[in-house]
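Here's the letter readout for the chains.
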Amino acid sequence: MDLKNILDYQKVDGELFNLENELASDPNKLKCVSLNQTAKESQIRSNQLEEQAGIILREMSELNKNIEISRKNGEQLLGVNLEKLSKEDLDEKLSVKDKVSQNLALLDKRLTKLAENINNVLGEFNKTIKKYNVAKEEYQKFKASYDKKVDEIQPKMDDLKKQLAILEKKVETKLMQAYLSKRKDKIFPVFVKLDGNTCGRCRMELSASAINKLKEEKILQCEHCRRIIYFD
Ligand SMILES: [Zn+2]
């Protein structure tokens, strides 16, 4: 088994792997991901607040209707000529009037509380919208920086991919398949040299029989890091 070609391939692929990592861990990109998340959360929160505001406004409108009815009741009670009433009727009317006044005071209190609530909700709504807008604006800035980096790196990556396509043709199909399936799982390097009696990557010690097998077959999968150990 000739490993030279797959090792040549891996060398070029290593450059591609590094560029891929550079893009994936780019601070501007990571910032974009986080800002996008902030924008999404702000949007959800502002929708919730809008809904809350709607509920409070409906309750306030109901309450205003009740207050209006209570006021009218109170006015009607006082509209009759009180002097003509018997003492019992007068006492009853005054007692009802007290109740109406008490009720009105409660409704007013509730209305004040709701007005406070709606102010709080609208205050938070405005803050949330502001947060959303800031996140969107910042996102554009970081995105532009990231795009610039992609424009810079992409041609290099394309060039490496072209080189790999050529090198791939020289590699035994079986080796290539084993390589690519590991590479897909972001294992790199895939092929590592036996170092003394340990895996050249994870330093796991190989048993004497494993070493014998490796010397015979030239390659052996590391049980620990899943890389392919080679011997030459
Ligand atoms: Zn290993």
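Here we summarise the structure given alongside this text. (Residues numbered from 1 in each chain as written. Predicted model: local features only at pLDDT ≥ 70, side-chain atom pairs only at ≥ 80, totals over all residues. Heavy atoms only, no water.)

## What to know about the side chain of Gln-10
Part 1 of the argument: Along the chain, Gln-10 turns up in helix α1 (residues 4–24).
Part 2 of the argument: Classification of Gln-10 by relative accessible area gives buried; the value is 8%.
Part 3 of the argument: The residues touching Gln-10, leaving out its near neighbours within four places in the chain, are Tyr-179, Phe-188, Pro-189, Val-190 and Phe-191. (Helix = DSSP H or I, 4+ residues; strand = E, 2+ residues; numbered from the N terminus. Buried < 20%, exposed > 50% of the residue type's maximum accessible area, 1.4 Å probe, protein only. Contact = heavy atoms within 4.5 Å.)

## A short note on the packing of aromatic side chains
Part 1 of the argument: Here the structure, examined in full by the defined rule, presents 3 aromatic pairs.
Part 2 of the argument: On the numbers, 6.3 Å between centres and 15° between planes, the contact of Tyr-179 with Phe-191 is stacked. Taken together, the positions of Tyr-179 in helix α4 (residues 173–184) and Phe-191 in strand β1 (residues 191–195) put the pair 12 residues apart, joining distant regions of the chain.
Part 3 of the argument: Taking the relative accessible area as the measure of exposure, Tyr-179 reaches 0% and is therefore buried. (Phe/Tyr/Trp six-rings, centres within 6.5 Å; stacked < 30°, edge-to-face > 60°.)

## Remarks on the coordination of the zinc ion
Part 1 of the argument: In this structure, Cys-199 (SG), Cys-202 (SG), Cys-222 (SG) and Cys-225 (SG) serve as the protein donors to the zinc ion, at separations of 2.3 Å.
Part 2 of the argument: Of note, the zinc ion draws all its donor residues from one chain, in the sequence arrangement C-x2-C-x19-C-x2-C. With Cys-199 in strand β2 (residues 198–199) and Cys-225 in the loop between β3 (219–221) and β4 (228–230), this pair connects stretches of sequence that are 26 residues apart.
Part 3 of the argument: For Cys-199, a relative accessible area of 0% translates into the label buried. (Donors = N, O, S within 2.8 Å, 3.2 Å for Na, K, Ca; no water.)

## Description of the side chain of Ser-46
Part 1 of the argument: Position of Ser-46 among the secondary structure elements: in helix α2 (residues 27–79).
Part 2 of the argument: Of note is the side chain of Ser-46, whose polar atom sits 2.9 Å from the backbone oxygen of Gln-43.
Part 3 of the argument: Apart from residues no more than four positions distant in its own chain, Ser-46 is found in contact with Phe-125, Thr-128 and Ile-129. (Polar contact = N/O pair within 3.5 Å; in protein donor to acceptor, adjacent residues only side chain to side chain.)

## Some details on the sheet that holds β4
Sheet strands associate in pairs through backbone hydrogen bonding, adopting either a parallel or an antiparallel arrangement.
Part 1 of the argument: One open sheet accounts for 4 strands, arranged β2-β1-β4-β3; its pairing is mixed. Edge strands, defined here as strands with exactly one partner in the open sheet, are β2 and β3.
Part 2 of the argument: Relative to β3, helix α5 (residues 208–217) is tilted by about 135°, and along the sheet it contacts β1, β3 and β4. (Pairing = 2+ DSSP bridges. Axes fitted to C-alpha atoms, helices over the stretch in contact; angles between N-to-C directions.)

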